Structure formats: C-alpha cells, structure tokens
Number of protein chains: 6
Amino acid sequence: MRVYRRETFNAAHRIYNPKWSDEKNSDVFGKCSNPNYHGHNYKFEICIEGPINQETGYVIDLKELKKVIQDEVCERFDHKNLNMDCVEFANIIPSAENISIVIWNLLRPHVNMDLKMSVKLWETEKNSVEYDGK
Amino acid sequence: MRVYRRETFNAAHRIYNPKWSDEKNSDVFGKCSNPNYHGHNYKFEICIEGPINQETGYVIDLKELKKVIQDEVCERFDHKNLNMDCVEFANIIPSAENISIVIWNLLRPHVNMDLKMSVKLWETEKNSVEYDGK
Amino acid sequence: MRVYRRETFNAAHRIYNPKWSDEKNSDVFGKCSNPNYHGHNYKFEICIEGPINQETGYVIDLKELKKVIQDEVCERFDHKNLNMDCVEFANIIPSAENISIVIWNLLRPHVNMDLKMSVKLWETEKNSVEYDGK
Amino acid sequence: MRVYRRETFNAAHRIYNPKWSDEKNSDVFGKCSNPNYHGHNYKFEICIEGPINQETGYVIDLKELKKVIQDEVCERFDHKNLNMDCVEFANIIPSAENISIVIWNLLRPHVNMDLKMSVKLWETEKNSVEYDGK
Amino acid sequence: MRVYRRETFNAAHRIYNPKWSDEKNSDVFGKCSNPNYHGHNYKFEICIEGPINQETGYVIDLKELKKVIQDEVCERFDHKNLNMDCVEFANIIPSAENISIVIWNLLRPHVNMDLKMSVKLWETEKNSVEYDGK
Amino acid sequence: MRVYRRETFNAAHRIYNPKWSDEKNSDVFGKCSNPNYHGHNYKFEICIEGPINQETGYVIDLKELKKVIQDEVCERFDHKNLNMDCVEFANIIPSAENISIVIWNLLRPHVNMDLKMSVKLWETEKNSVEYDGK
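Reference entry: report on the structure contained in this document. (Residues numbered from 1 in each chain as written. Chains lettered and ligands numbered in written order. Predicted model: local features only at pLDDT ≥ 70, side-chain atom pairs only at ≥ 80, totals over all residues. Heavy atoms only, no water.)

**Re the packing of helix α2 (residues 62-77) of chain A against helix α4 (residues 96-107) of chain A**
Residues and elements named next belong to chain A. Threshold: What counts as an axis is a line fitted to C-alpha atoms, over the stretch in contact for a helix, and the angles between N-to-C directions run from 0 to 180 degrees. Going along the chain from the N terminus, every DSSP run of H or I of four or more residues is numbered as a helix, and every run of E of two or more is numbered as a strand. For classification, angles of less than 35 degrees are called roughly parallel, those exceeding 145 degrees roughly antiparallel, those between 65 and 115 degrees roughly perpendicular, and all remaining angles oblique. Handedness of each helix crossing follows the sense of rotation of the near helix against the far helix: counterclockwise by less than a right angle gives left-handed, clockwise gives right-handed. Contacts were defined at the residue level, with two residues in contact if any of their heavy atoms lie within 4.5 Å. For this scheme, ten residues count as nonpolar: Ala, Val, Leu, Ile, Met, Phe, Trp, Tyr, Cys and Pro. Four count as charged, namely Asp, Glu, Lys and Arg, and the remainder, Gly too, count as polar.
At a minimum axis distance of 10 Å, the contact between α2 and α4 shows a crossing angle of 140°. One finds that α2 runs oblique with respect to α4. Judged by the sense of rotation from one axis to the other, the crossing of α2 with α4 is right-handed. Across the interface between the two elements, Val68, Ile69, Glu72, Val73, Arg76 and Phe77 of α2 pack against Val102, Ile103, Leu106 and Leu107 of α4. In terms of residue class, the contact of α2 with α4 is made up of eight nonpolar, no polar and two charged.

**Some details on the side chain of Asn25(B)**
Residue and element names in this part refer to chain B. To keep it simple, the criterion reads: Burial status follows relative accessibility: with a 1.4 Å probe on protein chains alone, a residue under 20% of its type maximum counts as buried, one over 50% as exposed, and anything between as partly exposed. Whenever two N or O atoms come within 3.5 Å, that pair is a polar contact, provided that in protein one can donate a hydrogen and the other can accept it, and provided that, for residues adjacent in sequence, both atoms are side-chain atoms.
By the element assignment, Asn25 lies in helix α1 (residues 22-29). When its relative accessible area of 0% is taken as the criterion, Asn25 is described as buried. Separated by 3.4 Å, the side chain of Asn25 and the backbone oxygen of Trp20 make a polar contact. Other than its neighbours up to four places away in sequence, Asn25 contacts Ile15, Tyr16, Asn17, Trp20, Gly30 and Ser33.

**Some remarks on the interface of chain A and chain B**
How big an interface is tends to be reported as the loss of accessible area on association of its parts. The condition that has to hold: When two parts are put together, the accessible area they lose, computed with a 1.4 Å probe and summed over both, is reported as buried area. What counts as a salt bridge is simple: a side-chain nitrogen of Lys or Arg found within 4 Å of a carboxyl oxygen of Asp or Glu.
Taken together, the 19 residues of chain A in the interface contact 21 residues of chain B. Note on chain A versus chain B: buried area summed over both sides is about 1,700 Å², and carbon and sulfur give 45% of it. Among the residues of chain A in contact with chain B, Met1(A), Tyr4(A) and Glu55(A) are the three that bury the most area, contributing 32% of the side total. There are two salt bridges connecting chain A and chain B. Along the contact surface separating chain A from chain B lie nine residue pairs in polar contact (both at pLDDT 80 or more). The set of elements that each furnish at least two residues to the side of chain A that touches chain B consists of β1 (2-13) and α2 of chain A. In terms of residue class, the side of chain A that touches chain B is built from eight nonpolar, three polar and eight charged.

**A word on the packing of aromatic side chains**
Put simply, the rule reads: Pairing of aromatic rings covers Phe, Tyr and Trp, the last through its six-membered ring, and needs centres within 6.5 Å; plane angles under 30 degrees mean stacked, over 60 mean edge-to-face, and all others mean tilted. Criterion for a charge above a ring: Arg CZ or Lys NZ at most 6 Å from the ring centre, at most 35 degrees from the ring normal.
Scanning the entire structure with this criterion turns up 42 aromatic pairs over all chains. Relative to Phe29(C), the ring of Trp20(C) lies with its centre 5.5 Å away and its plane at 20°, an arrangement referred to as stacked. Taking relative accessible area as the criterion, Trp20(C) reaches 11% and is therefore assigned buried. When its relative accessible area of 0% is taken as the criterion, Phe29(C) is described as buried. Of note, Lys24(B) hangs over the ring of Trp20(B), and the distance from its end group to the ring centre comes to 4.3 Å.

**A short note on the nonpolar core**
Stated formally: Note on terminology: a nonpolar core comprises buried Ala, Val, Leu, Ile, Met, Phe, Trp, Tyr and Cys residues joined through side-chain atoms within 4.5 Å.
The biggest cluster of nonpolar side chains holds 105 residues, and the ones touching the most others in it are Ile103(C), Ile103(D) and Ile103(E). Discounting chain neighbours no more than four positions away, the residues touching Ile103(D) are Phe9(D), Phe44(D), Ile46(D), Val73(D), Phe77(D), Val119(D) and Leu121(D). Of all hydrophobic cores here, the second largest spans 104 residues; its members include Ile69(A), Tyr42(B), Ile52(B) and Phe77(F).

**Observations concerning the pattern of salt bridges**
By the definition in use, this model includes 60 salt bridges over all chains. Across the pair Glu7(B) and Arg5(B) runs a salt bridge whose closest N-O atoms are separated by 2.7 Å. Each member of the pair, Glu7(B) as well as Arg5(B), is classed as buried. Across the pair Glu7(D) and Lys126(E) runs a salt bridge, and its minimum N-O distance is 3.7 Å. One end of the pair, Glu7(D), is in strand β1 (residues 2-13); the other, Lys126(E), is in the loop between β4 (116-122) and β5 (127-131), on a second chain. What makes Glu7(D) buried here is its relative accessible area of 5%. Counted as one network, the salt bridges with shared partners bring together Arg2(A), Glu49(A) and Glu130(B).

In structure tokens:
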C-alpha cells in the first residue's frame, strides 16, 4: 500500500556550475542560468509504502507526515532563493533532480525505516522528476 | 502495457475505531473522527496491466471497464455515508487505504485474472493512496 | 482590479427541505437527499475588487484575507456536517447556492466596504455557483 | 463574444517598496520581501472581446495573438528576475496586480482598439488577479 | 446568483471557409485547415443566472440541466466530425466561437427565459471562448 | 532518478479494424469507430530513468528532450488525422495503446540506450495508457 501527500513551495533558483566559466554555464544551461535567478512554484509529493496498521486503517498518519513536510521542507525553502539562502544547495546545483534528493534526505530520518519513501517534484506542469533513494 | 480509467464518487465518512473510546478516537484521528461525519469528492483510477489484443488495439475495452466500475463502485458508494450505508465498511475503518482495498476487491472478479490490477484513490488533491492487491 | 484567493474545506451535507415529506424530498432531490448524508471537497474562491494601493501594489493583503477566510470559513466548516454541526444552516438548505451566500455573509464584515466582494464555490469539478451579494 | 489565450512564464521577484526601510518592508510584506528573491510559475490568460468575423469564424486569430503574447510578454519575463532584469518594474512593485497592468499595457497596442481586452494572472494556484484597463 | 455545469465531448473538425480557395484557407487558417481534419476534447460550461428558489435552495436543478446538456449537446457532437456529421455546422465554420453559439442556441429553448444563460468552451487548455447570447 | 516531460498534440482518429466488416467494427468499437472520425487533445509524458550527471545536475537535458519530442512527435501528429495522414498508423489501429507504442518507437533512437524510457498518454482526462517498451 502506498500513501501520498502533496505540498508546494515557491522559490528562486538558477542552474549554475561554479567550476565552469559563465560562458560555458550559459552555453549549457541557457536561460536557466540567468545570473539574477528566476523562480518556480515547486509542487512535490511524498510517497510512503508499507503495510496498513489495522487499528487506524492508516499506513502512516498523514497529519503527522504533513507536519514533518512543512517543518523540514516548506519552512526551509518557501519564498527563498535556493542558491543564496539555503545551505543545502551550497555545493549542489539546485536542479529539479537535486532538489528531490535534498528533500528525500531531509525527510528520510523522520519516517520509520520499515517504510519505503520516494519524492516526486514538479518544477513546472511539464517538467518533473522522481527519486526513491537509489 | 498499462491502461487507466478514472471515475469519482462523493461520500460522507468518519475515521472511527469502535474498539476505542471516543476520547482516544478524537486524540488519534482529530477532526477526521467528527461524530457527525464529513465528506469528500473521491477520485479513483483503475490500472489494468497486460498485453495488447492485436485485433482491437486494446488491453481491455475501456467502455466495458467503465461500466463495471460504475456498477460495482460508483453506484454503491456515490452520495452515500460509507460508515452507515455501506456494508463493505461494517467492520473496516473507511480510511482512504481501506477504501482502495474494498474497491480492488469489488473489481478484481470482473477483470480477467491474466491482467494485473491496481487502484489509486485521491481523498483530496493533496492526499492519495495506491493498492495493487499485495 | 480584481484579486482572488482560493481555499477548500471538506464537509458532509444533504439537501433536505424539512417542510416536505421524506418522499417529496427524495422525489425532488434524488440521491442528494440521502438521509445519512454524503460529502464533498468544497473549493471556493473569494474575489475582491477595488483600486491598487500604490504603497504596497496590493488591492488587499492576501496574507490577511487568507487568515480571515481560514478563521471565518475553513475553521467553521472543515470536517463538519453542514446540516448537523453548523448553526448557519439551521434554517437554510445547504445547497451550493446557499453555502456561497453564507460564506459571503461571513466574510463581508471583514472586508472594507469600499471593496466589492464575490464568492465562487465548486461542489464538484463539474458543478459550481457564484454569488456577489445581489 | 470573448476569446481567451493562456500562457506562462517563470520568474523571480520580491515585493519591496524602496521608499520604506527594510524593517517596514519585512513587517508589511513578510516572506514575500525576502531580500534574495523567490519565484513563481506565472500563468496568465488574455481575454479579447468583440464581434465574430463571419469570414473566419474568429474574433481574433489566436495564432497571431499567441505570437504577440510570446514576443511581448513571455520573451520579456520568462526566466528573468522581475526586479533586477526588467525595466518595466524599475519604478513599480512587481505585485501580481502590477504585473497584470504591465502585461495589459504591453499588449494593448497590438490588439485592435475596437476589441476590449483584459488580463488574468495566477501567481499560484490559490492567488490570482484580473485587470481590464480601468 | 450564477450556477455552472461543465461537460465534455470529443470531436473532429477543420476550419475551412468554402467560399475561399484551398490555398487561401491554408494561408489564413494554417494547420487548423488540414483537409483530413484534426480533433479536440472540447470542455464546456453552461452558466445560468437567476434568483434562488427558496423551497429547493437551487437556481436550477442541475440534475435536469445535466440531462438537457447531455441530450442536446453531448449526444449530438460526441465522437462526431463537426463538419461532416453535424447539420448545425452545414453553413457555419466550426470555430470555437461558432460552436459556443450553436450550443447556446441548442440549450436556450430548454432553460426558463427568466434565467440568463452563457456558454464557455475550451478547445484546448490554452484556448477558450465565451458567449452570452449578445 | 526519473525525469518527465509532458507535451500535447491535437488529432483526429477512428478505431477501425480493416479486416472486419463495418458492422463488426461498429459492434465492437461503438462510437469510437464513427466513419468520419472524431478527435482528442492528446497529452503525453515521456519518462527517462538513469543516473544524475554530476556536472549538470541533470539526468538528461530537458531542453534537448523537448526539442526531440516536438520534432519527432508533435510536428508529426499535431492537427493531423492519424488514420489518413500518418504512415505510422497505416497498418496499426490508432488506439491509445498503439499511439503510445508508436511514440516510444519514434523517440527511443534519440535517447541514450543507457537510459530507460517510458511513455504515458492521456486520450481524455479519464482514459490513459502507459508503455515502457516491454
């Protein structure tokens, strides 16, 4: 049984590899590398997989998962500049792929290790990524 | 190849474990346990997996699957109180998880056993579950 | 200039006119009149119309409007039975039309009278209503 | 008859009144005033009102309107920082309200003056604004 | 008070003016004029405006409106070729604008003349039209 | 890590098996077999699975994937009649299942063979299919 909880945060970012020249960044990443940043309404969904607790009918209490997600992810990233404000991206390019890994790593310690976990993240309605820890 | 069919029903429910005191129900389930019920527009999607029939280009005729879903699920649960009106939940807490299992069990006999089946159910836009029979 | 804020609540209700026999209620309202209630994920959007404040660039501060909407509408109706739990519907049939009027009346005193206000309410994805106080 | 065309752009911004202290900006605008910006997937829809051309069955050729919208709005604002990169907001706070006015002003000269025009802009799924030139 | 009901139909069409040469049709309408047709999932919403009936809490019974819409619009146009199969478009270019007028004319006789009526039609998620009979 | 890119095309089609009589086609396929075609706004999403490139933070450059999808799929099928205009369906019934296979086969040569690929295709909001090459 899998259960899903969806949340959002709004943030600025740019795709920029500091080991490269500005020219190469611009060549590879195009407008995603705009020096003054751009931004997105990020939408993400946490999937938890495991057995149903017969006493509650729940795999996990979504009220509690919601609180963890808000404390660990939304509070941290909402209305922030991922490159400038967020230590999690100090050495990592804030691509959708890497954001999903960072979210997975932030939440994993708060979810029982008997439960599997994955993260789906939409950067736009057309572009999304999914990470399950592997 | 997987094919999907989505439908909806609107129902009232409450999350309540009859083996527990009202106080414990309220402590654990919060407002989801409100004695006079609340309700949802449930959205659900049936996934059928199997080979394509070369004569039709179909895995399964969605016109027929649609009819089975409406007869077995929508007719049964639409505009009902899951706790009070539906014998399927007489001994089962109508959590999203358990509703998806009940739907899976209702539909499984109507779909060829050579085809795999799973159910995704959205209780709200933010909360959903998925069950594949295991 | 118009600004809009959308919120949701999940509630149970039934359409029932106490002046009519059960039979007439059933004839007129069909399954919407099921005695044990059914429910919906109500989605609603408040529209505020007025001039822009040059100092803020806002017609109204949506942070504040959001708080008023949550206190006056969501807290009151979320995870409730509109017929049984909500005094606002003691003498009013909780049709989508009447729910939109009740929401308008609850919010109107909290919004500057120089600003026009209207309410759009979706009972399902397919059925919705709109009320502007007239 | 009204016709509508919807497009999107992704941009960074902050709500900041340069005549105020940083403290006052923070008090009034909260996290929307974060100095390092945040961002949104802006979605906007242009509405054009007028009679149908009997020869084409169109009020306006949406292929042409689409091109104007992309050239005048999307190219200008997509993957930009509205405060830093866009001269249109040099002296205007880039609130959703003001962005909709800027879009209206950019497009108005390109649409026949016999046709009415309005702009709806969604900053998030929950927050939106609408401007018709008045 | 306004109430809305949304439905869909799936149809083929082409934009073609029989008074013009094929070349001019192609010049003006581009790929929308492809001789072998293309198609859309049309989504449309009927808006009815009027007073609330105090006995029912309804402006209009949406169950009945739904039935009229299905009989008069969906049955007529669903899985059809608008140009070839539908007499309503024998002398009218099936642009979104004209389809909305045809729908309005089909439904108007079935709705009490004391109630105002309008039609919104989406040809794609990005292109839509609205007609109110004027 | 999986990344997803979503696109659309609008096309006409009919479900028709040329080895069968018209009567049998009509019996089996119903209105989907209408001789003059009907149509859909097809929405499809390509999923690519593989490791992250540490230099870019990408599994695959979605700008490039977008271009391939538009050249190979959208240009080919948008505003076309799949049965009449598209050689890809000369000997294949253009069911959603088969369209997803055709898309997969068109794109597979353009994506590095170390990356897994699958296609999800929505014919309507309620009906969709998924194909991963097996």
